[in-house]
Amino acid sequence: MKVCAYDVYWDEAFARQFGVERKPAAEDVLREADVVSLHMNLTDENREFIDARRLALMKKGAYLLNCARGALIRQEDVARALRDGHLAGYGADVVEPEPVEKTNPLLSAPNVVLTPHVGSRTYESVERQAAMAAENLLRILRGEPPLAQANRL
């Protein structure tokens, strides 16, 4: 498979090692790819990044995977592209908002696979999370700062 990508924080060594072709813009990836997979942080600037305009750039029959955040896509536009046959399929481990609401347009669209935001949940990841939680508890009881602390106490 030929892999192309766009990233504002391009890792040239990684790309070279795995044969990833850098595209000058995300829109170039959308035009070329048969399968588009989103792996990006959600920001105010990229909220609803995949909308009707960007979907129209994609090949007819392409697949879209959202492995990042539900709000990166405009769900109504993706559902419409699926119903119209422009997109062949959509898969995601995320929706906006979570948990999924009964009125979410993706639930009635064809060729959709949604999972309940558990894509990263493997036996090994659950084991690591439990070990880190226990380690954090022990560190706090010893008066040490916890691992990966988000804020100062």
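Here is what the cut-offs are and how they apply
Residues numbered from 1 in each chain as written. Predicted model: local features only at pLDDT ≥ 70, side-chain atom pairs only at ≥ 80, totals over all residues. Heavy atoms only, no water. Helix = DSSP H or I, 4+ residues; strand = E, 2+ residues; numbered from the N terminus. Buried < 20%, exposed > 50% of the residue type's maximum accessible area, 1.4 Å probe, protein only. Lys, Arg positive; Asp, Glu negative; His and termini not counted. Salt bridge = Lys/Arg side-chain N within 4 Å of Asp/Glu carboxyl O. Polar contact = N/O pair within 3.5 Å; in protein donor to acceptor, adjacent residues only side chain to side chain. Pairing = 2+ DSSP bridges. Axes fitted to C-alpha atoms, helices over the stretch in contact; angles between N-to-C directions. Contact = heavy atoms within 4.5 Å. Right-handed = clockwise from strand over helix to strand, strands pointing away. Core = buried A, V, L, I, M, F, W, Y, C linked by side-chain atoms within 4.5 Å. Disulfide = S-S within 2.5 Å.

K.L.:
Would you take a moment to explain the side chain of D93 for this structure?
P.N.:
For D93, the location among the structural elements is in the loop between strand 5 (87-92) and strand 6 (112-114). R69 provides the closest opposite charge to the buried, unpaired D93, separated from it by 7.8 Å. Separated by 2.4 Å, the side chains of D93 and T115 make a polar contact.

K.L.:
Any chance you could explain the sheet that holds strand 4 (residues 62-66) here in plain terms?
P.N.:
Hydrogen bonds between backbone groups are what pair the strands of a sheet, and the pairing can be parallel or antiparallel. Read from one edge to the other, the open sheet built from 4 strands follows the order 3-4-5-6, with strand pairing classed as parallel. Where the open sheet ends on each side, the last strands, each with one partner, are strand 3 (35-38) and strand 6. The mean angle between the axes of side-by-side strands here comes to 10°, regardless of whether they run parallel or antiparallel. Where helix 4 (residues 75-83) meets the sheet, its contacts fall on strand 4, strand 5 and strand 6, and the angle it forms with strand 5 comes to roughly 140°.

K.L.:
Just to check I follow, could you spell out the pairing of strand 3 for this structure?
P.N.:
Looking along a regular strand, one sees the side chains alternate between the two faces of the sheet. Where burial is concerned, the two faces of strand 3 differ: the one with V36 and L38 is buried and the one with V35 and S37 is not. In this structure, strand 3 lies alongside strand 4, joined through 4 bridges in parallel fashion. Directly across from V36, in strand 4, lies its bridge partner L64. Viewed along the sheet, the connection from strand 3 through helix 3 (residues 52-57) into strand 4 turns out right-handed.

K.L.:
Would you mind showing me how to read the nonpolar core here?
P.N.:
It is characteristic of soluble globular proteins that their nonpolar side chains tend to be buried jointly. Core analysis: the biggest nonpolar cluster contains 25 residues, and I50, L64 and V78 have the highest contact counts within it. Looking at this core element by element, the count peaks at 4 residues for helix 4. When neighbours within four sequence positions are excluded, L64 is seen to be in contact with V36, L38, I50, L55, M58, I73, V78, L87, G89, Y90 and G91.

K.L.:
Would you take a moment to explain the state of the cysteines for this structure?
P.N.:
Among covalent bonds in proteins, the disulfide is the one between the sulfur atoms of two cysteines. What the rule picks out here adds up to 0 disulfides. Left unpaired, C4 is separated from the closest cysteine sulfur, that of C67, by 15 Å. For C4, a relative accessible area of 16% translates into the label buried.

K.L.:
Hey, could you run me through the environment of E76 in this one?
P.N.:
Positionally, E76 belongs in helix 4. The class for E76 is partly exposed, based on a relative accessible area of 35%.

K.L.:
Can you walk me through unusual backbone geometry in this structure?
P.N.:
Working note: non-glycine residues mostly have negative phi, and peptide bonds are mostly trans. The omega torsion of the bond from E96 to P97 falls at -5°, within 30 degrees of zero and hence cis. Note that P97 resides in the loop between strand 5 and strand 6. In this structure, P99 follows E98 across a cis peptide bond, with omega equal to 0°. Residue placement: P99 occurs in the loop between strand 5 and strand 6. Although it is not a glycine, E48 adopts a positive phi angle of roughly 55°. You can see E48 is positioned in the loop between strand 3 and helix 3. The class for E48 is partly exposed, based on a relative accessible area of 36%. Positive phi outside glycine occurs at H117, with the angle close to 50°. Inspection of the secondary structure puts H117 in the loop between strand 6 and helix 5 (123-141). With a relative accessible area of 34%, H117 lands in the partly exposed category.

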